[in-house]
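Listed here are the chains, written in short residue letters.
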Amino acid sequence: MNNKLTLENIQQFDLDEFQEISGENIFACYQCGNCSAGCPAADFMDLAPHEVIRLLQLGQIDEVVKTNTVWICAACVTCRVRCPKGVDLSKIMEAVRQIVLRKKNNYVDLNKIESELREKLPQIALVGNFRKFTL
Amino acid sequence: MEISYYPGCTLKTSAKNYEKTGLALLPIFDISPVEIKDWVCCGATYSLTSDNLMYQLAPIRTLIRAKESGNPRLLTLCDMCYNTLKRAALFIENDEEKREKIKNFMDEEETDYRGDEVEVVHLLTLLNEIGSQKISEKLVKSPLDLKIATYYGCMLLRPKEIQADSAENPQLMENIFQGMGVEVVEYPFRTECCGSYQIVNRREIILDRTKKIISSAVKNNADLMVLSCPLCDYNLEATQKELIEQDSNFKPLPVLYFSQLLALILGIDPEINDWSLHNIDPTPVLKRKGLL
Ligand code: SF4
Ligand code: SF4
């Protein structure tokens, strides 16, 4: 991953828009790592949850979007209840997802889900999944 | 006493065992659930964005129906419905500006709703209010030689402002079952996420979660697991067969809604269960323990 910081790529990040969507202050995070330590899905993520926030603090949303992390997050809210600074990382994950989805890039496609699985899944799995991964 | 009842989509379809047994418990304690009229799907997951209010409409419309019913306590059985309804109610209670925006958008609604008039209550909370002593007085099967693992997952416990019990050490199911002499085993995964909606497109995450959660409960000698969320139930049951195929050392564990076990203990006709809805057949262990 290219983490080279330039004034230009920091300035490309629309922090106001991000705060408007997430309702969260990403600068409250002091990188203790508690969120990542308790995240049940961290093993599957390219970037640990605290690394997502660090990159966002540095304006590097493009680097976050290149990874699978926000699509692995299950919105379980464990990170939020354990964060000593009260940062709601589940909202930050959602805001990144929304920024991608609002550019008309749906992450899942109902037609690509095998019909056998689709019939077995409980409604809350499908509705919940499409809420997070489509617009 | 009457209480408004919101079933949500899944209890009417894949989680019929939960609805039937959950509702069958209530008349024992003189409670009559009354399904609210014209309810809609709550959306299953609470919207975590601040700037898009569209996702709040469905749960709020259901809360309005509950207010109109005249019984402002609204019972839910599904943990995801509980979470979504409760968070939506709190959201508009605390944000006057957004509440007005939503109200203006839903101008066909005749009932004014502020967010604090309906109390969303989960079946486990209701049973805890009745109290383990009163529940145990109705015991039909006794003594019970049974070790269970309780599983809470996320939606009943997080975030803090809507939690039905402690996020790290919940006791809602323990209170009920220990009170009637059932042994509840300790294991470290009671409140860890099952992987949730990732079952749709990231099955490998659910397999990993199920393996850890179920194996830990088995290692601590649980005879079966009880829970209260239809998505946790699906995830933790449906993937066990694959785990058996992948690893001959994996030991499966039957998973039931807590209400199914409680209904059996309280002597409700087992025929109300459709055992074919289970991926891991719980009937052998229930027979062995004298519950069937
Ligand atoms: S737990 Fe909170 S403060 Fe610590 S790294 Fe995570 S978000 Fe930042
Ligand atoms: S909400 Fe997402 S990032 Fe936070 S602990 Fe759960 S899965 Fe991990």
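Residues numbered from 1 in each chain as written. Chains lettered and ligands numbered in written order. Predicted model: local features only at pLDDT ≥ 70, side-chain atom pairs only at ≥ 80, totals over all residues. Heavy atoms only, no water.

### Comments concerning the overall build of chain A
So, step 1. Scanning chain A from N- to C-terminus turns up ten helices and zero strands.
So, step 2. Seen in sequence order, chain A has helices and strands lined up from the N terminus as α-α-α-α-α-α-α-α-α-α.
So, step 3. Dimensions of chain A, computed from the C-alpha atoms along their principal axes, are close to 50 × 30 × 30 Å.
So, step 4. Scored against the burial criterion, the 135 residues of chain A give a buried share of 53%.
So, step 5. Of the contacts formed within chain A by residues at least 6 apart in sequence, a portion of 68% connects residues at least 24 apart. (Helix = DSSP H or I, 4+ residues; strand = E, 2+ residues; numbered from the N terminus. Buried < 20%, exposed > 50% of the residue type's maximum accessible area, 1.4 Å probe, protein only. Contact = heavy atoms within 4.5 Å.)

### What about the overall build of chain B?
So, step 1. Of the regular secondary structure elements, chain B holds twelve helices and eight strands.
So, step 2. For chain B, whose C-alpha radius of gyration is 19 Å, the value lies close to the compact-globule estimate of 19 Å for 292 residues.
So, step 3. Seen through its principal axes, chain B has C-alpha atoms that stretch 60 × 45 × 30 Å.
So, step 4. Relative to its full complement of 292 residues, chain B shows a buried share of 59%.
So, step 5. Considering only contacts in chain B between residues 6 or more positions apart, those separated by 24 or more positions represent 78%.
So, step 6. Just so you have it, chain B exposes about 11500 Å², and 47% of that area is on carbon and sulfur atoms.
So, step 7. Averaging the coordinates of the 33 positive side-chain charges in chain B and doing the same for the 43 negative ones gives two points 4 Å apart. (Rg over C-alpha atoms; globule rule 2.2 N^0.38 Å. Areas by Shrake-Rupley, 256 points an atom, 1.4 Å probe, with all protein chains shown as cover. Lys, Arg positive; Asp, Glu negative; His and termini not counted. Charge placed at Lys NZ, Arg CZ, Asp CG, Glu CD.)

### Details of the confidence of the model for chain A
So, step 1. Per-residue confidence for chain A gives a mean pLDDT of 92; residues scoring 70 or more make up 96%.
So, step 2. At the level of individual helices and strands, chain A shows its lowest average pLDDT in helix H1 (residues 7–11) of chain A, which scores 70, and its highest in helix H6 (residues 69–72) of chain A, which scores 98. (pLDDT = per-residue confidence, 0-100.)

### Some remarks on unusual backbone geometry
Residues and elements named next belong to chain B.
So, step 1. The omega torsion of the bond from Arg158 to Pro159 falls at -5 degrees, within 30 degrees of zero and hence cis.
So, step 2. Its location among the elements puts Pro159 in the loop between strand E5 (147–150) and helix H7 (172–179).
So, step 3. Phi is positive for Asp30, close to 60 degrees, though the residue is something other than glycine.
So, step 4. Within the fold, Asp30 resides in the loop between helix H1 (16–25) and strand E2 (32–35).
So, step 5. Look at Ala44: it is not a glycine, yet its phi comes out positive at around 70 degrees.

### Notes on the sheet that holds strand E3 (residues 73–76) of chain B
All names here are of chain B.
So, step 1. Within the open sheet, the four strands sit side by side as E2-E1-E3-E4. Their pairing is parallel. Two strands bound the open sheet, and with one partner strand each, they are E2 and strand E4 (119–122). If you compare each strand with its neighbour and ignore which way they point, the axes differ by 40 degrees on average.
So, step 2. Along the sheet, helix H2 (residues 54–69) contacts strand E1 (2–6), E3 and E4; its crossing angle with E1, the most-contacted strand, is approximately 160 degrees.
So, step 3. Along the sheet, helix H3 (residues 79–94) makes contact with E1, E3 and E4, crossing E4 at roughly 160 degrees. (Pairing = 2+ DSSP bridges. Axes fitted to C-alpha atoms, helices over the stretch in contact; angles between N-to-C directions.)

### Focus: the site of ligand 1
Residues and elements named next belong to chain A.
So, step 1. Near ligand 1 lie 13 residues; those nearest to it are Cys29, Cys32, Gly33, Cys35 and Cys83.
So, step 2. Residue assignment for the shell around ligand 1 shows that the elements contributing at least two residues are helix H3 (34–38) and helix H4 (49–57).
So, step 3. Of the residues belonging to the shell around ligand 1, the class tally is eight nonpolar, four polar and one charged. (Near = heavy atom within 4 Å. Nonpolar A, V, L, I, M, F, W, Y, C, P; charged D, E, K, R; others polar.)

### What about the pattern of salt bridges?
All names here are of chain B.
So, step 1. By the definition in use, this model includes 32 salt bridges over all chains.
So, step 2. The salt bridge partner of Glu174 is Arg190, with a shortest N-O separation of 2.7 Å. Residue Glu174 is found in helix H7, and its partner Arg190 is found in the loop between strand E6 (183–184) and helix H8 (203–219); the two are separated by 16 residues along the sequence.
So, step 3. On the accessibility criterion, Glu174 (4% relative accessible area) is buried.
So, step 4. Using a relative accessible area of 12% as the deciding quantity, one classes Arg190 as buried.
So, step 5. Put simply, Glu242 and Arg203 hold a salt bridge, and the shortest N to O gap is 2.8 Å. Linking Glu242 in helix H10 (residues 240–246) with Arg203 in helix H8, this pair joins segments that are 39 residues apart in sequence.
So, step 6. Judged by its relative accessible area of 24%, Glu242 is partly exposed.
So, step 7. Using a relative accessible area of 22% as the deciding quantity, one classes Arg203 as partly exposed. (Salt bridge = Lys/Arg side-chain N within 4 Å of Asp/Glu carboxyl O.)

### Remarks on helix H9 (residues 230–238) of chain B
So, step 1. With respect to burial, H9(B) is a largely interior element, nine of its nine residues being buried.
So, step 2. All buried positions along H9(B) are accounted for by Pro230(B), Leu231(B), Cys232(B), Asp233(B), Tyr234(B), Asn235(B), Leu236(B), Glu237(B) and Ala238(B).

### Re the domain arrangement of chain B
Residue and element names in this part refer to chain B.
So, step 1. Parsing chain B into structural domains produces domain 1 (2–123) and domain 2 (132–288).
So, step 2. For the pair domain 1 and domain 2, the summed buried area comes to about 2300 Å², and 74% of that belongs to carbon and sulfur atoms.
So, step 3. Contact with domain 2 buries surface across domain 1, with Asn17, Thr21 and Asp79 losing the most and accounting together for 26% of the total.
So, step 4. Between the two partners, domain 1 and domain 2, sit zero salt bridges.
So, step 5. Inspection of the region where domain 1 meets domain 2 yields eight residue pairs in polar contact (both at pLDDT 80 or more).
So, step 6. Secondary-structure elements contributing two or more residues to the side of domain 1 that touches domain 2 are H1 and H3.
So, step 7. Sort the elements by how many residues they give to the side of domain 1 that touches domain 2 and H1 lands first, with eight residues. (Domains from an automatic or database assignment. Buried area = accessible area lost by both parts, 1.4 Å probe. Polar contact = N/O pair within 3.5 Å; in protein donor to acceptor, adjacent residues only side chain to side chain.)

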